[in-house]
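Each chain is listed here by its residues.
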Amino acid sequence: MTTPEFVDAIGQRHARCLDARIVSLVPSITELLCDLGLAGRLVGRTGFCIHPATTVATIPKVGGTKDVNIDKIRQLAPTHLVVNVDENEKPTVDLLAQFVPHVVVTHPLVPEDNLALARLVGGVFGADEAAASWCEAFGRELAALRALPPAPARTVLYCIWKDPWMTVSADTYIGAMLHELGWQVAPLAQDGSRYPRFAWSQELVDQLDAVLLSSEPYRFTEEHADALERQIGKPVLLVDGEMMSWYGSRALAGVRYLRELRARLA
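Below is a short write-up of the structure. All residue numbers here refer to positions counted from 1 along the written sequence of the relevant chain. Local features in this predicted model are restricted to residues of pLDDT 70 or higher, and side-chain atom pairs are both shown and tallied only at a pLDDT of 80 or more, whereas totals for entire chains, interfaces and linings draw on every residue. In computing side-chain values, all of the structure's heavy atoms are included and hydrogens and water are not.

### Remarks on the packing of helix H1 (residues 27-35) against helix H5 (residues 113-124)
Thought 1: Whenever a helix is involved, its axis is fitted only over the stretch in contact; in every case the axis is a line through C-alpha atoms, and angles between N-to-C directions fall within 0 to 180 degrees. Going along the chain from the N terminus, every DSSP run of H or I of four or more residues is numbered as a helix, and every run of E of two or more is numbered as a strand. It is the contact of H1 with H5, at a shortest axis distance of 11 Å, that shows an interaxial angle of 60 degrees. One finds that H1 runs oblique with respect to H5. By crossing handedness, the relation of H1 to H5 is classed as right-handed. Contact residues: H1 offers Ile 29, Leu 32 and Leu 33, while H5 offers Leu 117, Ala 118 and Val 121.
Thought 2: When grouped by side-chain class, the residues that make up the contact of H1 with H5 number six nonpolar, no polar and no charged. Here roughly perpendicular refers to angles of 65 to 115 degrees, roughly parallel to angles under 35, roughly antiparallel to angles over 145, and oblique to all remaining angles. Each crossing is labelled by how the near helix is turned from the far one, with a counterclockwise turn of less than a right angle marking it left-handed and a clockwise turn marking it right-handed. The contact definition used throughout considers only heavy atoms, calling two residues in contact when any of these lie within 4.5 Å. Residue classes follow a fixed rule: Ala, Val, Leu, Ile, Met, Phe, Trp, Tyr, Cys and Pro count as nonpolar, while Asp, Glu, Lys and Arg count as charged, and any other residue, Gly among them, counts as polar.

### A few points about a negative patch on the surface
Thought 1: Exposure above 30% relative accessible area and no salt bridge define the residues that can form patches, which grow by joining like charges within 9 Å and nonpolar side chains of Val, Leu, Ile, Met, Phe, Trp and Tyr within 5 Å. For accessible areas, the Shrake-Rupley method is used with a probe of radius 1.4 Å. Any residue's cover is judged against the shown protein chains and nothing else. For this document, the term salt bridge refers to a Lys or Arg side-chain nitrogen within 4 Å of an Asp or Glu carboxyl oxygen. When charges are counted, Lys and Arg are positive and Asp and Glu negative, with His and the chain ends excluded. Every charge is mapped to an atom, namely NZ of Lys, CZ of Arg, CG of Asp or CD of Glu. Together, Glu 222, Glu 223, Asp 226 and Glu 229 line one region of the surface with negative charge.
Thought 2: The residue Glu 223 is located in helix H9 (residues 222-232) in this model.
Thought 3: Exposure classes here rest on a 1.4 Å probe applied to the protein chains alone. A residue is buried below 20% of its type maximum, exposed above 50%, and partly exposed in between. Overall, Glu 223 belongs to the exposed group, its relative accessible area being 57%.

### Brief notes about the layout of surface pockets
Thought 1: Points on a 1 Å grid, built from protein atoms alone, make a cavity when a 1.4 Å probe fits but cannot get out and make a pocket when they are open with protein on both sides within 12 Å along at least 5 of 7 lines; residues with an atom within 4 Å of a point are the lining residues. Grid points are joined across faces, edges and corners, and a volume is the space filled by probe spheres set on the points. Within this model, the largest pocket holds a volume of roughly 1000 Å³.
Thought 2: Lining the largest pocket are 32 residues, and of these Glu 87, Glu 216, Pro 217, Ser 245 and Trp 246 lie nearest its centre.
Thought 3: Looking at the lining of the largest pocket, the elements with two or more residues in it are H1, strand S7 (154-161), helix H7 (173-179) and helix H10 (241-245).
Thought 4: Here the residues of the lining of the largest pocket sort into 15 nonpolar, nine polar and eight charged.
Thought 5: Taken as a whole, the second largest pocket spans an internal volume of roughly 220 Å³.
Thought 6: Around the second largest pocket, the lining is made up of 14 residues, and of these Ile 10, Val 83, Val 93, Asp 94 and Val 105 lie nearest the centre.
Thought 7: Breaking the lining of the second largest pocket down by element, the ones donating at least two residues are strand S5 (80-84), helix H4 (90-96) and strand S6 (102-106).
Thought 8: Ranked by residue count, the leading element in the lining of the second largest pocket is H4, at three residues.
Thought 9: Its residues assigned to classes, the lining of the second largest pocket shows nine nonpolar, three polar and two charged.

### Some remarks on the sheet that holds S6
Thought 1: A pair of strands is treated as paired once DSSP finds two or more bridges between them. The parallel open sheet is built from four strands, whose spatial order is S4-S3-S5-S6. At either margin of the open sheet sits one strand with a lone partner, and together these are strand S4 (42-45) and S6. The average angle at which neighbouring strand axes cross in this sheet is 20 degrees, direction not considered.
Thought 2: Note: strand S3 (residues 22-24) against S4, three bridges, orientation parallel. Among the inter-strand pairings, Ser 24 is bridged to a residue of S4, identified as Arg 45.

See below:
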């Protein structure tokens, strides 16, 4: 009987492993692994892997998504490392690959990519049925969102940082989520940057229908939103960054959240 193989985001093939020791360096995928019933296989996670809180509390931390504690991971002796192209730095991943036998690379760019992501981790780690069930639920929610009458086209600026101010480009996961509403992000990147810096100007404000301030990675608050709205004279909304940018199992709630966001800007 042929052993199934599963292909990750960079084309690497992975065999099924039912006794894996997993270190996850991706918060949203740590949550996905737990929700698929694989928490018992996790031997390490980042300090930003905070969901589900009671489950991850007992899993050792190995630093952040970028400032990884290499020695601690070595001591945990994982068989598998789960990483993401955007969130983890390639030199660090290459270093870890010298002693971790299997590195599973992820890179969701649009909501549909969550289906392949769930099937990948479910397949590699033996949670196929749970992954299939999640995919069915996600597919229903995405179809329900797309079945809504078209919303007015809008140009928005989605802010992820200040000092310096930073936003997202259209080819990011967040940009794709906004596209599901028929909204486009303001085209600011002149150099191909996916997370460009910008400066406020009247020319920029004039092309916007609204500004969205994300609750992460910068902790924008309602006070920030109120102050900026008074400054620029355009609607400014505080949005849940996890709902907009976390793929994996949180994407199911994220698609539902898009309906709420659409109603808020109606």
